[in-house]
Amino acid sequence: MRMSQLFGHTLRETPADAETASHYLLLRAGFIDQLMAGVYSYMPLGQRTKHRVEQIVREEMDGAGAQETLLPAIQPRELWEETGRDALMSDVLFPVVDRRERMLVLGPTHEEVVTSLFRDHARSYRDMPVTLYQIQMKFRDEARPRAGLQRLREFTMKDAYSFDMDEEGLDASYGAMFEAYTRIFARCGVPIVPVEADSGAIGGKGSQEFVFLTEAGEDHIVICAQCNYAANTEKAEFVRPPAEGEEALAVEEIETPGMTTIEELAAFLDVPTARTAKAVFYTARNFGEHSGGEPVFVVIRGDLQVNEVKVVNALGGGVELEPMTDAEVAAAGIVAGYASPIGVADNVRVIADTSVAQSPNLVAGANREGFHLRNVNHGRDWEGAVSDIALAEEGHACVRCDGGTLGMERAIEMGHVFRLGVTYSEPLNAVVLDSEGERRFPTMGCYGLGVDRIVAAAVEAHHDDDGIVWPAAVAPFDVHLVGLGLDRDEAVAAEAVALYEELTATGLDVLFDDREESPGVKFNDADLIGVPLRVTVSSRNHKAGAVEVQRRGAEQSEQVARAEAVARVGALHEAARAEGA
RNA sequence: CGGGGUGUAGCUCAGCCUGGCAGAGCGCUGCGUUUGGGACGCAGAGGUCCGCAGUUCGAAUCUGCGCACCCCGACCA
């Protein structure tokens with residue numbers, strides 16, 4: 001590609017709205033352009049990189065035995081009603097109406113469609129196991145798109161779906177995808193950590209995320225400093241700081257005027273927050289509903305925070321929590337600021353974190369303005385389902401090893417693999433016959449990966465003050481050929497063109513800067529765009545019978561004899577590719 | 001969805017407080033000089049000052065209502 005023909009230019013100044021490195025570098029280098037919030041065009045350079053990422057994904061999916069398909073992005077809403085996810089995902093669904101006023105949606109994910117496809121074409125265990133995948137646009141009306149390609153409303157996902165007869169089959173299919181993901185991220189130069197995760201709106205019986213640790217990320221991950229335990233905070237478990245094992249004492253009412261927060265209360269009574277019980281109350285509603293719902297009263301030790309994802313799971317899932325309104329608090333007979341698990345109305349669901357169940361003699365509200373109770377004990381003074389509903393925080397003790405401490409990192413979720421089970425095959429009635437002739441629901445897995453996020457993460461992981469430093473496998477070009485002073489010296493120009501053609505003939509993708517620009521402009525653009533190898537042809541080099549080759553990001557360049565140039569560049573290219581593999 | 005911020009040339013922004021000719025730098029076009037790390041001179045093109053309404057002799061500037069975008073949080077794959 002001759003740079004004089006390339007559509008799009010580098011920008012000298014950083015666009016004001018871009019904050020993260022991947023965002024402003026991709027904009028400045030001319031890879032992407034924003035159309036609206038969370039929606040971007042890929043310009044030629046960006047599209048080349050995206051293609052290379054997709055090709056790596058394809059190779060690894062095919063290598064793992066998955067078969068490529070292409071499922072419709074536009075889908076009938078009824079299909080989503082069959083699984084109930086029209087309500088569950090209603091806040092991100094892009095609705096569409098056709099000319100006959102039929103309700104359609106732009107697909108945010110494809111479990112329903114692929115299960116429908118499977119239902120129509122798979123007949124028995126002889127058609128299985130099978131894993132289908134596609135690389136396709138997904139549409140989600142995100143509340144807050146952000147950071148360039150990191151959170152988009154229209155994005156490219158590789159999604160795969162496995163169908164097996166039993167758990168052992170799912171284990172094998174899931175394992176194969178897990179391995180493929182590990183290889184994909186390694187080849188793209190994105191360092192990832194697999195972490196335990198909540199499966200959210202996708203559902204199923206367990207999932208793992210592949211995350212890229214970066215300050216620019218929006219997920220929070222806890223990682224044990226001692227063992228390999230790593231989990232999204234939505235899911236993360238931890239060992240509660242131990243309670244003092246004293247005998248249960250008699251309940252005692254105490255006056256605590258104006259002490260409506262845990263901090264005030266603990267200071268007033270001069271006890272650690274871990275000796276108090278905190279109450280938080282919610283209304284749990286089905287998705288898409290805005291009234292009614294079930295009152296939920298959550299009790300947790302004062303030194304811990306409530307993890308709402310865990311509360312939803314403790315309630316059986318499928319609901320969303322909203323803080324109770326003042327009217328709902330009053331209706332539930334709760335005195336805010338002095339709420340007590342003792343004497344809660346029968347229609348209120350009470351959930352206790354394991355921390356309160358294992359801590360004797362806590363201070364809790366008296367459900368009476370200006371009063372608290374000392375020596376409240378779960379099981380003796382009040383009942384309530386015990387569950388892990390606490391948010392893991394930095395410094396908490398690891399559940400998987402002895403003496404390990406959890407650290408907190410920010411991360412971008414790059415991929416997510418789920419063990420679905422029959423979450424979709426059952427409601428969609430995708431039945432196959434097993435070897436006994438019995439009708440069975442296949443056990444499914446699904447595996448998603450964000451292509452745009454790989455592009456963004458590769459930049460986030462590989463850049464310097466001058467620009468992008470692409471991993472060779474996903475660079476838009478293999479070689480950036482810089483010709484200096486081509487309009488002044490015909491011999492140099494001829495040499496540059498000849499080298500361009502020779503390098504291209506060996507199969508390398510070459511970006512040839514044949515523009516009439518000053519050397520400084522060309523070098524700065526080359527650094528910004530970040531192609532792994534830069535080859536400079538100039539009158540100075542020409543006189544020495546050489547060209548100059550420099551690895552992007554390297555301190556030194558090397559002079560290579562003109563006659564050796566093609567072979568040397570080829571060898572350096574192979575070496576650069578090998579680094580990422 | 002809550003909080004904060006910003007909308008003026010392709011980009012980065014000044015002008016707004018205190019109403020009175022639409023501005024700068026970079027980029028862009030042409031000509032000339034220059035040529036190994038974002039050169040220089042000359043000449044030029046380029047505007048719905050986010051939109052609508054209001055106040056005023058007069059609005060980029062003041063007021064109201066919208067819209068868009070960004071950031072933090074909530075939520076989310």
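Residues numbered from 1 in each chain as written. Chains lettered and ligands numbered in written order. Predicted model: local features only at pLDDT ≥ 70, side-chain atom pairs only at ≥ 80, totals over all residues. Heavy atoms only, no water.

As a matter of local geometry, RNA strand B sits amid 44 residues, with Glu142, Arg151, Glu413, Asp527 and Ser538 nearest to it. In RNA strand B, atoms within 4 Å of the protein come from the sugar-phosphate backbone in 48% of cases. Backbone polar atom of alanine 37 to a phosphate oxygen of RNA strand B: 3.0 Å apart, as the coordinates give it. Measuring from a base nitrogen of RNA strand B, one finds a side-chain N or O atom of aspartate 525 at 3.1 Å. The greatest single-element share of the surface near RNA strand B, amounting to 7 residues, is contributed by helix H13 (residues 519-529). Its residues placed into classes, the surface near RNA strand B shows 13 nonpolar, 9 polar and 22 charged. (Near = heavy atom within 4 Å. Polar contact = N/O pair within 3.5 Å; in protein donor to acceptor, adjacent residues only side chain to side chain. Helix = DSSP H or I, 4+ residues; strand = E, 2+ residues; numbered from the N terminus. Nonpolar A, V, L, I, M, F, W, Y, C, P; charged D, E, K, R; others polar.)

What follows covers the sheet that holds strand E6 (residues 103-106). With respect to topology, 3 strands assemble into an open sheet ordered E4-E6-E5, the strand pairing being antiparallel. Strands at the two margins of the open sheet, each flanked by one partner only, are strand E4 (74-76) and strand E5 (94-97). With direction set aside, neighbouring strand axes in the sheet form an average angle of 40 degrees. As judged from the 4 bridges shared by E5 and E6, these two strands associate in the antiparallel manner. Looking at the pairing, phenylalanine 94 lines up with leucine 106 of E6. (Pairing = 2+ DSSP bridges. Axes fitted to C-alpha atoms, helices over the stretch in contact; angles between N-to-C directions.)

On to the nonpolar core. Among the nonpolar cores identified, the biggest contains 59 residues, and Met61 and Trp470 are the most heavily contacted of them. With 8 residues, the top contributor of residues to this core is helix H6 (residues 167-187). Per-domain counts for this core show at least three residues from each of domain 1 (21-230 + 408-459) and domain 3 (477-580). Sequence-distant contacts of tryptophan 470, that is, excluding residues within four places in its chain, are made with Leu26, Phe31, Thr49, Val455, Ala458, Val459, Ala475, Pro476, Ile529, Gly530, Val531 and Pro532. (Core = buried A, V, L, I, M, F, W, Y, C linked by side-chain atoms within 4.5 Å. Buried < 20%, exposed > 50% of the residue type's maximum accessible area, 1.4 Å probe, protein only. Domains from an automatic or database assignment. Contact = heavy atoms within 4.5 Å.)

Under the defined criterion, the tally for this structure stands at 8 aromatic pairs. Ring centres of tyrosine 181 and phenylalanine 185 lie 6.1 Å apart, and the angle between their planes is 85 degrees; this geometry places the pair in the edge-to-face category. Of this pair, tyrosine 181 and phenylalanine 185 both sit in helix H6, 4 residues apart, which is roughly one turn of that helix. Judged on exposure class, the residue tyrosine 181 and its partner phenylalanine 185 are both buried. In this structure an aromatic cluster arises from ring pairing among Phe178, Tyr181, Phe185 and Phe210. Above the face of the phenylalanine 238 ring, arginine 240 is positioned so that its terminal group lies 4.4 Å from the ring centre. (Phe/Tyr/Trp six-rings, centres within 6.5 Å; stacked < 30°, edge-to-face > 60°. Lys NZ or Arg CZ within 6 Å of the ring centre and 35° of its normal.)

Each pair of packed helices can be summarised by the angle the axes make with each other and by the distance between the axes. Contact geometry for helix H2 (residues 44-63) and H6: axes closest at 9 Å, N-to-C directions at 150 degrees. Put simply, H2 runs roughly antiparallel to H6. H6 is crossed by H2, and the crossing has right-handed handedness. Together, Ile56, Val57, Glu59, Glu60 and Met61 of H2 and Met177, Ala180, Tyr181, Arg183, Ile184 and Arg187 of H6 make up the contact between the two elements. (Parallel < 35°, antiparallel > 145°, perpendicular 65-115°, else oblique. Left-handed = near helix turned anticlockwise from the far one by under 90°.)

Looking now at the domain arrangement of chain A. Its domain assignment divides chain A into domain 1 (21-230 + 408-459), domain 2 (252-387) and domain 3 (477-580). When each unit is reduced to the centre of its C-alpha atoms, the spacing between domain 1 and domain 3 is 39 Å. The interface is formed by 9 residues belonging to domain 1 together with 7 residues belonging to domain 3. Together, the buried faces of domain 1 and domain 3 total about 730 Å²; carbon and sulfur atoms form 54% of this surface. On the domain 1 side of the interface with domain 3, the three residues burying the most area are Leu45, Arg48 and Arg52, jointly 58% of the side's total. At the junction of domain 1 and domain 3, the tally comes to 3 salt bridges. Of the charged contacts in the structure, one is a salt bridge between arginine 52 and aspartate 509, with a shortest N-O distance of 2.9 Å. The tally of links between domain 1 and domain 3 comes to 2 residue pairs in polar contact (both at pLDDT 80 or more). Mapped by element, the contributors of at least two residues to the side of domain 1 that touches domain 3 are helix H1 (21-28), H2 and H6. In terms of residue count, H2 provides more of the side of domain 1 that touches domain 3 than any other element does, 3 residues in total. (Buried area = accessible area lost by both parts, 1.4 Å probe. Salt bridge = Lys/Arg side-chain N within 4 Å of Asp/Glu carboxyl O.)

Time to look at the sheet that holds strand E15 (residues 294-301). With mixed pairing, 5 strands are arranged side by side in an open sheet as E16-E14-E15-E17-E20. Of all the strands in the sheet, the pair left with one neighbour each is strand E16 (319-323) and strand E20 (385-387). Here the average twist between neighbouring strands, direction ignored, is 35 degrees. Direction of pairing for E15 relative to strand E17 (residues 349-353): parallel, over a ladder of 4 bridges. Bridging from a neighbouring strand, valine 298 pairs with isoleucine 351 of E17.

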